[in-house]
Amino acid sequence: MCKKETISLKKLSMLYFLLFTVLSLAAVNSQAQAPPPAPVVVSEIKEETLQKPVTIVGGVEPRKRSVIASEIAGLVEEFPVEEGKLVKRGDILAKLRTESIEISLREAKAQKTEAEARYRLARKNLSRFQELYNKGVASLQQLQDAETEKDALLARVSQLDAKIDKQEYDLARSNIVAPFDGYVASEHTEVGQWIQVGGPVVELIDMNIAEIRVDVPERYVSQIRQGDNVDIGFDALPDLSLRGEITYIVPQAGRESRTFPVKVVADNKDGLIKSGMVARVSFLIGEPSLVKLVPKDAIVEQNKRNFVYVVNGGSAEPVQVTTGIAIKDLVQIIGPVEKGQLIVIRGNERLKPNQPVKIVDHNRAEVKD
């Protein structure tokens with residue numbers, strides 16, 4: 001073999017080596033750039049026949065609202081409550097000074113003791129005059145006077161019994177107590193102030209059950225019934241969604257608005273709902289239609305557009321959708337998706353288009369009443 005052929009073979013080998021090295025590095029670099037499988041939680045796209053909700057704005061009202069008044073007149077000696085305080089039934093709202101009542105009560109009891117003694121004496125005198133009259137010693141007038149004295153003293157005892165009952169009643173009512181559990185909405189008196197009979201002490205509201213009044217247009221009122229369930233949201237509590245119940249429908253429309261007042265109640269034992277809040281009540285009164293539903297967590301917003309990540313062949317593909325009816329934790333989606341497809345509901349915030357995924361859990365979306 002000549003020298004020139006040897007050099008050509010060496011150059012060709014070197015070229016093959018360099019080409020192999022470049023291709024190997026490219027393959028390694030390509031593998032390094034590919035995103036690793038992301039752990040995700042998925043759910044299936046469900047189809048349900050639902051009625052389209054009609055949402056009407058209303059206002060929250062307390063279940064009970066009462067201005068607590070004093071049954072007796074008196075000077076406020078203690079006033080242990082303040083606005084916003086939660087009180088229980090039987091808690092003291094105010095104490096009135098009772099010295100004058102106690103003095104009158106002792107006086108009435110002493111007068112009764114005297115009247116009872118005089119009554120017992122009058123009965124004895126009547127018996128004595130009866131015997132004397134029977135013997136012809138006492139006159140009829142004397143007998144009648146003795147009987148009148150006895151009856152008058154008996155009436156005096158009864159009168160003093162009533163006076164004592166009244167004083168004891170006033171004494172018991174000097175402690176003004178809460179008639180039900182509730183919050184003090186406003187104060188109407190203070191220590192040292194004189195309260196007349198029927199004078200206001202505090203305004204008490206019961207928010208254990210929240211009542212919501214909505215004015216329903218006449219085109220919808222024929223489609224709702226007492227006892228129907230409704231969904232309720234609150235502008236001030238965006239994360240709170242409750243199921244309520246229609247308690248009554250007033251069968252009289254406003255003359256100008258042509259709307260019917262409807263009362264809805266919802267449980268509020270945690271006290272999050274406040275009187276006066278704006279509520280949005282959704283009545284299921286539209287025409288039934290077949291819709292696709294996914295958990296709300298499946299929706300990813302990017303550049304003011306909504307997407308869901310559909311799992312297909314081990315990777316997640318973003319699909320643009322439009323949202324519609326919201327039912328509890330589910331939302332309707334409209335787009336090129338099908339019932340039964342798996343969509344990502346956890347771990348979708350950081351996914352890239354067609355990124356490999358690893359399913360770590362599979363939740364099943366359900367529509368619950």
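Computed from a prediction, not measured in an experiment: that's the story for all the values here.

## Digging into the overall build of the protein
Working step 1: Along the protein, the regular secondary structure elements total 4 helices and 19 strands.
Working step 2: The 369 residues of the protein split such that 34% are buried.
Working step 3: Taking the intrachain contacts of the protein between residues at least 6 apart in sequence as the baseline, contacts between residues at least 24 apart amount to 75%.
Working step 4: A total accessible area of about 23,000 Å² is found for the protein, and carbon and sulfur atoms account for 50% of it.

## As for helix H2 (residues 99-134)
Working step 1: Over its 36 residues, H2 extends 52 Å from the first C-alpha to the last, a length consistent with the 52 Å expected when each residue adds 1.5 Å.
Working step 2: Turning to H2, its buried residues number three or more, namely Ile101, Leu105, Ala108, Ala115, Tyr119, Ala122, Leu126 and Phe129.
Working step 3: Residues of H2 that are buried make contact with helix H3 (140-172).
Working step 4: Glycine 136, located one to two residues past H2, shows a positive phi value of around 85 degrees.

## Notes on the pairing of strand S7 (residues 182-187)
Working step 1: Direction of pairing for strand S4 (residues 86-87) relative to S7: antiparallel, over a ladder of 2 bridges. The residue bridging valine 87 from the neighbouring strand is glycine 182, located in S7.
Working step 2: Relative to strand S9 (residues 200-217), S7 runs antiparallel, the two sharing 4 bridges. Counted as the bridge partner of valine 184 is leucine 204 from S9.

## Section: the sheet that holds strand S3 (residues 74-78)
Working step 1: Read across the sheet, 4 strands follow the order S6-S5-S3-S8 without closing on themselves; strand pairing throughout is antiparallel. Looking along the sheet, the strands with just one partner apiece sit at the ends: strand S6 (175-177) and strand S8 (194-195).
Working step 2: The pairing of S3 with S8 spans 2 bridges and is antiparallel. Each bridged residue has a counterpart across the sheet, and for leucine 75 the counterpart in S8 is tryptophan 194.

## So, a negative patch on the surface
Working step 1: A surface patch of like charges, here negative, comprises Glu82, Glu83, Glu187 and Glu190.
Working step 2: Looking at where glutamate 83 falls in the secondary structure, it is placed in the loop between S3 and S4.

## Let's talk about the environment of lysine 274
Working step 1: In this structure, lysine 274 sits in the loop between strand S12 (259-267) and strand S13 (278-295).
Working step 2: Owing to a relative accessible area of 45%, lysine 274 belongs among the partly exposed residues under this scheme.
Working step 3: Separated by 212 residues in the primary sequence, lysine 274 and proline 62 place their C-alpha atoms 8.2 Å from one another.
Working step 4: Those residues within four positions of lysine 274 in sequence are excluded, and the remaining contacts are Val60 and Met207.
Working step 5: Polar side-chain contacts of lysine 274 include one of 2.7 Å to the backbone oxygen of glycine 271.

## Quick look at the packing of aromatic side chains
Working step 1: Taken as a whole and assessed by the stated rule, the structure comprises 0 aromatic pairs.
Working step 2: Cation over ring: arginine 128 sits above phenylalanine 129, and NZ or CZ is 5.0 Å from the ring centre.

## Things to note about unusual backbone geometry
It is generally the case that most residues other than glycine have a negative phi and that most peptide bonds are trans.
Working step 1: Residue asparagine 303 is not a glycine yet carries a positive backbone phi of 55 degrees.
Working step 2: Considering the arrangement of structural elements, one finds asparagine 303 in the loop between strand S14 (300-302) and strand S15 (305-312).
Working step 3: Look at asparagine 303 and you get exposed, because its relative accessible area is 71%.
Working step 4: A positive phi angle, close to 60 degrees, is found at asparagine 354, a residue other than glycine.
Working step 5: Secondary-structure assignment places asparagine 354 in the loop between strand S18 (342-346) and strand S19 (355-363).

## Overview of the pairing of strand S10 (residues 229-234)
Working step 1: As judged from the 6 bridges shared by S10 and strand S11 (residues 237-249), these two strands associate in the antiparallel manner. Bridge assignment links valine 230 to a residue of S11, and that residue is glycine 244.
Working step 2: Two successive antiparallel strands, S10 and S11, enclose a turn made up of 2 residues.
Working step 3: Note that S10 and S13 share 4 bridges and pair antiparallel. Counted as the bridge partner of phenylalanine 234 is alanine 279 from S13.

Definitions and limits used
Residues numbered from 1 in each chain as written. Predicted model: local features only at pLDDT ≥ 70, side-chain atom pairs only at ≥ 80, totals over all residues. Heavy atoms only, no water. Helix = DSSP H or I, 4+ residues; strand = E, 2+ residues; numbered from the N terminus. Buried < 20%, exposed > 50% of the residue type's maximum accessible area, 1.4 Å probe, protein only. Contact = heavy atoms within 4.5 Å. Areas by Shrake-Rupley, 256 points an atom, 1.4 Å probe, with all protein chains shown as cover. Expected span 1.5 Å × (residues − 1). Pairing = 2+ DSSP bridges. Patch = residues over 30% accessible without salt bridge, like charges linked within 9 Å, V, L, I, M, F, W, Y side chains within 5 Å. Salt bridge = Lys/Arg side-chain N within 4 Å of Asp/Glu carboxyl O. Lys, Arg positive; Asp, Glu negative; His and termini not counted. Charge placed at Lys NZ, Arg CZ, Asp CG, Glu CD. Polar contact = N/O pair within 3.5 Å; in protein donor to acceptor, adjacent residues only side chain to side chain. Phe/Tyr/Trp six-rings, centres within 6.5 Å; stacked < 30°, edge-to-face > 60°. Lys NZ or Arg CZ within 6 Å of the ring centre and 35° of its normal.

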